[in-house]
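# Structural characterization, general
Below, each chain spelled out in residue letters.
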Amino acid sequence: MDIEKEINEITGFKNLELLATQVVEGFISGLHKSPFHGFSAEFAEHKIYNNGESTKHIDWKLYAKTDKLYTKRYEEETNLRCHLIVDNSSSMHYPKMKDFSIDSLNKIGFSVLAGASIMNLLKRQRDAVGLSIYSDTYEFYSSEKGSERHHHMLLQHLNNALLQSRKEVQTKTYSHLHLIAEKLKRRSLVFLFTDMFQSDTEEEKLFEALQHLKYNKHEVVLFHTYDKEKELQFDFNNRPKRFIDVETGEHVNLYADNIKENYESAVKRYFDELSVKCGQYRIKYVPVDINEHFNKILTTYLVERGKFG
């Protein structure tokens, strides 16, 4: 085996930072068509005015240009602490692929590029970002910092998450969230990327862990990643297939059409329950098909940032 050839072939994203920049530049260029007009050039220095706030910091010059009310935010007010959490268990590496691009992503690839894009926005605003990556172990943790060196280090760890062998690696998300909650001492905006695959008995424990983060006054956003075509709509041909649980190795042989209707109904019910539970705990729930564009992620970031402070 040519080890050097193998290493060169398995590279994850060839340039994660460049891809993230392209995603963000494309997003920002479209902001003039959205309610966020005004963020594109100076959104580190302005926020949308909310009814009931003091009017003394309204930027009337910007109002004259945009017909929208924004308040000035001073340097000490703009600093945001954000922590990204990425589930790196086996199920996140579905569907299996070797080459990653903006048009070719599995769940971990989507999460890594979305996380890098949020980091790109944070960097532009001189905000501090931290990162946690977990699977069956707590693979990586870094506290919130804003330096260029720190930014590149986090990008490297995000890219590394794509390359690790993920054969039958399970996780207990709730146990890692409790650890992260203990580490986050100062109020932060927390983004969690996970496909929410766990047993029914662990679902309640997961929400207890999310509540732990909320108890510490963090704003929590759950990006629920999935492949809509395969994991939600169960779109497979009706030839006999063996379906294997990538986290346990257990398998079942069946014809897809025999269970498609019941499967879709059960998954939709589960998604609805997640949405309701998150609403009860005041956690922002964002279902994300990995084949969608990143605008949903970045728009959510701006909305949640506007609430932070």
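Criteria and cut-off values
- Once a new chain begins, its residue numbering starts again from 1 and follows that chain's sequence as written.
- Given that the model is predicted, a residue must reach a pLDDT of at least 70 before its local features are reported, and side-chain atom pairs must reach 80 or more before they are shown or counted; all residues, however, enter totals for whole chains, interfaces and linings.
- Water and hydrogen atoms were dropped before computing side-chain values, which therefore reflect all heavy atoms in the structure.
- Residues belong to a common nonpolar core when they are buried Ala, Val, Leu, Ile, Met, Phe, Trp, Tyr or Cys residues joined through side-chain atoms within 4.5 Å.
- Partly exposed residues are those whose accessible area sits between 20% and 50% of the maximum for their type, while under 20% is buried and over 50% is exposed, using a 1.4 Å probe and protein chains only.
- Under the DSSP-based scheme used, a helix requires at least four consecutive residues in state H or I and a strand at least two consecutive residues in state E, with every element numbered from the N terminus.
- What makes two residues a contact is simply this: any of their non-hydrogen atoms within 4.5 Å.
- Scored from 0 to 100, pLDDT reflects the predictor's confidence in each residue.
- What the arc describes is the spread of directions from the helix axis to the C-beta atoms.
- Note on pairing: two strands pair once DSSP finds at least 2 bridges between them.
- Simply put, an axis is a line fit to the C-alpha atoms, just over the touching stretch for a helix, and the angle between two N-to-C directions goes from 0 to 180 degrees.
- Here roughly perpendicular refers to angles of 65 to 115 degrees, roughly parallel to angles under 35, roughly antiparallel to angles over 145, and oblique to all remaining angles.
- By definition, turning the near helix anticlockwise from the far helix through less than a right angle yields a left-handed crossing, and turning it clockwise yields a right-handed one.
- Amino acid classes used here: Ala, Val, Leu, Ile, Met, Phe, Trp, Tyr, Cys and Pro are nonpolar; Asp, Glu, Lys and Arg are charged; the rest, including Gly, are polar.
- The aromatic pairing rule takes the rings of Phe, Tyr and Trp, using the six-membered ring of Trp, and pairs them if the centres are within 6.5 Å, calling planes under 30 degrees apart stacked, those over 60 edge-to-face and the rest tilted.
- Two thresholds decide whether a charge sits over a ring: the Lys NZ or Arg CZ must be within 6 Å of the ring centre and within 35 degrees of the ring normal.
- By definition here, a helix of n residues has an expected span of 1.5 Å times n minus one.
- By salt bridge we mean one thing: a side-chain nitrogen of Lys or Arg within 4 Å of a carboxyl oxygen of Asp or Glu.

### Structural notes on the nonpolar core
- Grouped together as the largest cluster of nonpolar side chains are 48 residues, with contacts concentrated most on F13, I118, F191, F223 and Y301.
- Sorting elements by how many residues they give to this core places helix α6 (residues 107–124) first, with 10 residues.
- Beyond its immediate sequence surroundings of up to four residues, I118 is in contact with L84, F191, F193, F223, I297, L298 and Y301.
- In terms of nonpolar packing, the next biggest core, distinct from the first, is built from 26 residues, L177, L184, L274 and C278 among them.

### Quick look at the confidence of the model for the protein
- Across the protein, the average pLDDT comes to 78, with 74% of residues at or above 70.
- Within the protein, strand β6 (residues 189–194) carries the highest mean pLDDT (96), whereas helix α3 (residues 39–42) carries the lowest (39).
- Low pLDDT (under 50) marks residues 1–10, which in the prediction has five contacts with non-local residues, meaning those over four places away or in another chain.
- Confidence drops under a pLDDT of 50 for residues 241–249, and excluding neighbours within four residues, the segment shows 32 contacts in the predicted structure.

### Comments concerning helix α8 (residues 173–183)
- Among the residues of α8, those classed as buried are T173, Y174, H176, L177, I180 and A181. Buried residues of α8 fall within an arc of 160 degrees about the axis and therefore sit on the same side.

### As for the sheet that holds strand β10 (residues 284–289)
- Here six strands make up an open sheet; going across it, the order is β5-β4-β3-β6-β7-β10 and the pairing mixed. Of all strands in the sheet, those bounded by a partner on one side alone are β5 (138–145) and β10. On average, each strand axis in the sheet is inclined to that of its neighbour by 15 degrees, with strand direction left out of account.
- Judged from the seven bridges that link them, strand β3 (residues 81–87) and strand β4 (residues 128–134) form a sheet pairing that is parallel. Note that in β4 the partner of C82 across the bridge is V129.
- The strands touched by α6 within the sheet are β3, β4, β6, β7 (219–226) and β10, with β3 carrying the most contacts at an inclination of about 170 degrees.

### Observations concerning unusual backbone geometry
- Look at the link from Y94 to P95: it is a cis peptide, with omega at -10 degrees.
- Backbone geometry at K217 places phi at a positive 75 degrees, although glycine is not the residue there.
- The topology assignment puts K217 in the loop between α9 (200–215) and β7.

### So, the packing of helix α2 (residues 16–29) against α6
- Put simply, α2 and α6 touch, their axes get as near as 8 Å, and they point 70 degrees apart. Classed by the angle they form, the pair α2 and α6 counts as roughly perpendicular. Regarding α2 and α6, the two cross each other, and that crossing is right-handed. Only V112, L113, A116, S117, N120, L121, K123 and R124 of α6 make contact with α2, whose side of the interface consists of L16, E17, L19, A20, T21, V23, V24, E25 and I28.
- Split into classes, the residues belonging to the contact of α2 with α6 amount to 10 nonpolar, three polar and four charged.

### Quick notes on the packing of aromatic side chains
- Under the definition given, this model contains nine aromatic pairs.
- By the ring-pair criterion, three or more aromatic residues cluster together here, those being F191, F193, F223 and Y301.
- Over the aromatic face of Y141 sits the side chain of K183, whose NZ or CZ is 4.6 Å from the ring centroid.
- Its end group placed over the ring of F207, K277 keeps NZ or CZ at 5.1 Å from the ring centre.

### Re helix α12 (residues 295–307)
- Spanning 13 residues, α12 covers 18 Å between terminal C-alpha atoms, matching the ideal 18 Å at 1.5 Å per step.
- Where α12 is concerned, the buried positions are I297, L298, T300, Y301, L302, E304 and R305.

### Considering the packing of α2 against α12
- Look at α2 against α12: their axes get within 10 Å of each other, and the N-to-C directions meet at 70 degrees. As far as their axial angle goes, α12 and α2 are roughly perpendicular. Both α2 and α12 take part in a crossing whose hand is right-handed. Where α2 abuts α12, its residues V23, V24 and F27 lie against N295, L298, T299 and L302.
- In terms of residue class, the contact of α2 with α12 is made up of five nonpolar, two polar and no charged.

### A word on the pattern of salt bridges
- Applying the stated rule across the entire model yields 10 salt bridges.
- The closest approach of N and O atoms between K277 and E204, which form a salt bridge, is 3.3 Å. On the criterion of sequence distance, the pair formed by K277 in helix α11 (residues 256–280) and E204 in helix α9 is long-range, its members being 73 residues apart.
- The salt bridge partner of E292 is K296, with a shortest N-O separation of 3.4 Å.

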